[in-house]
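# Descriptive structure summary
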Amino acid sequence: MTKLLDTLTDPLLDNGFKGFPRTQAPMRRSEVAKAGWNVLAGDLPLPLAVLKREAIEHNLAWMQGQVRRWGIDLAPHGKTTMSPQLFARQLDAGAWGMTVATVTQLAVAVSAGARRGLIANQVVSDQDLAGIQQLLHEHVDLRVVFLVDSLAQLDLIEAWSARHPDSLPFQVMIEIGVDNGRTGVRTHEQAIALAERVRAGKAAKLVGIETYEGQGATGESGPDADYTNILMDRVDAVARHCVTRGLFETDEVLVSAGGSAIYDLVALRLKPSLGMPVRGLLRSGCYLTHDHGTYQRFQRPLDARLGCAPGESLRPAMEIWATVQSCNEPNLAIVAMGKRDISFDLSMPTPIARAARGAMVPSGVPASWEITALNDQHGYLRWSDADAALAPVVGERIAFGISHPCTTFDKWHWMPVVENDYRVTDAVLMHF
């Protein structure tokens, strides 16, 4: 167990990790701060993904304070970062537990100290069911909840439990889905039939109702509010029926929802009046680092709804620094950063800062600068004729903001944590 914890929480870093100096001897993660590195001093090879410490700490505190004001709890989705160090920070800040998508991710969260895990997904395989039971037996104080959305899935769970009569009953939540969406029951009748079947068996206990509203988010407050209320009305109706019929087997009903786009709207509906204790669980994951693209766009109307001033709520905490390597056409520079280094699934990276070779203080970039395309290892940076005099030069460093943290984290095995002057004071590792 000690070896596993060292591997996950304080592993050995060496030059086999992208972004680690080739000339540096291997070191433990906990020793990184002593190295005296500074990203702008050229101490680390580029491209490099960095996390801004002050922004992360601000985001942790802001979101935790917000859920407290809403009277609910936070179960951050760990799939965003898959970092034991960041999981621990979220738990230390007051998170109820960690949300994950798989049993493998659950094991990482448990290693980081989580003792409540919500698998926001359907568990169907024998290996995963056995894996949950193994974790429950290894950690007697661990609670694991996962989602069910069909009688077919419940058949598999009951068949596995019948073959393993000494196993503990699984704790499950019924997922409410939407037409043309992902998982989840589509009708009230399906949800009730499933709840009654869970209650009639011994393999599982119904402890809550869950949904995911993010697939319908538009970024427009009116339509988003209408969509959220219609969805949460369905959640309420199923929950009330289950209470009336005695289908829950718990002292406290869990009601959970919440991505990273319109989480304020759904948060207001996570404590329905059911005549018994209810714990609302918000599962936002991208709040920790936020971004300069997709989630910043959704945050603007969210801030307006909350009455937050600019910079008062979530702040971008991740940057990717890359070197300009070629400038052989007018209004085009090729930067040494591509699809292997930064997200591109929702929108292209955003140039946010520049630093000449040897400069220790970054400056802003012209508004016309944009990444128009990415290859595996190259980015196409273009600008308007009006900004020709401010064109980048070979060897210059450019910082890029991301759009969608989840698909940037999974491109790195580690990231240095930096101060605002880009001194490296910590590091985190990812386990995808």
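The present account deals with the structure reproduced in this document. Computed from a prediction, not measured in an experiment: that's the story for all the values here. (Residues numbered from 1 in each chain as written. Predicted model: local features only at pLDDT ≥ 70, side-chain atom pairs only at ≥ 80, totals over all residues. Heavy atoms only, no water.)

## Focus: helix α8 (residues 221-244)
Because each turn of an α-helix spans 3.6 residues, side chains separated by three or four positions end up pointing in the same direction. With 24 residues, α8 extends 34 Å from end C-alpha to end C-alpha; this agrees with the ideal 34 Å at 1.5 Å per step. Taken together, the buried positions of α8 are occupied by Asp224, Thr228, Leu231, Met232, Val235, Asp236, Val238, Ala239 and Cys242. Summarising the contacts, the buried residues of α8 are in contact with β8 (170-176), α7 (188-200), β9 (204-211), β10 (253-257) and α9 (263-267). (Helix = DSSP H or I, 4+ residues; strand = E, 2+ residues; numbered from the N terminus. Expected span 1.5 Å × (residues − 1). Buried < 20%, exposed > 50% of the residue type's maximum accessible area, 1.4 Å probe, protein only. Contact = heavy atoms within 4.5 Å.)

## Concerning the nonpolar core
Phe146, Ile174 and Leu282 are the most contacted members of the largest nonpolar core, which has 99 residues in total. When residues no more than four places from it in sequence are discounted, the contact partners of Ile174 are Val148, Val185, Ala191, Leu194, Ala195, Leu206, Gly208, Ile209 and Glu210. (Core = buried A, V, L, I, M, F, W, Y, C linked by side-chain atoms within 4.5 Å.)

## Some points on the pattern of salt bridges
The final tally for this structure, using the stated rule, is 22 salt bridges. A salt bridge links Glu249 to Arg199, with the nearest nitrogen and oxygen atoms 3.5 Å apart. Linking Glu249 in the loop between α8 and β10 with Arg199 in helix α7, this pair joins segments that are 50 residues apart in sequence. A relative accessible area of 26% places Glu249 in the partly exposed class. Residue classification places Arg199 among the partly exposed residues on the basis of a relative accessible area of 36%. Because the salt bridges share partners, they merge into one network encompassing Arg53, Glu54, Glu57 and Glu419. (Salt bridge = Lys/Arg side-chain N within 4 Å of Asp/Glu carboxyl O.)

## Examining the pairing of strand β19 (residues 424-429)
Across the six residues that make up β19, a large majority, five, are buried. Bridge count for strand β18 (residues 414-418) against β19 is five bridges, and the pairing is antiparallel. Bridge pairing in β19 places Val418 opposite Val424. (Pairing = 2+ DSSP bridges.)

## With respect to the sheet that holds strand β5 (residues 98-100)
What links the strands of a sheet is backbone hydrogen bonding, and the strands pair in either a parallel or an antiparallel sense. Spatially, β4-β11-β10-β9-β8-β7-β6-β5 is the arrangement adopted by the eight strands of the open sheet, whose pairing is parallel. Since the sheet does not close on itself, it has two edges, and those belong to β4 (73-74) and β5, each with one partner. For strand β7 (residues 143-148) and β8, the ladder comprises four bridges, and the chain directions are parallel. Within the sheet, the bridge partner assigned to Val148 lies in β8 and is Ile174. Running over the sheet, α7 touches β7, β8 and β9 and is turned about 170° from β8. (Axes fitted to C-alpha atoms, helices over the stretch in contact; angles between N-to-C directions.)

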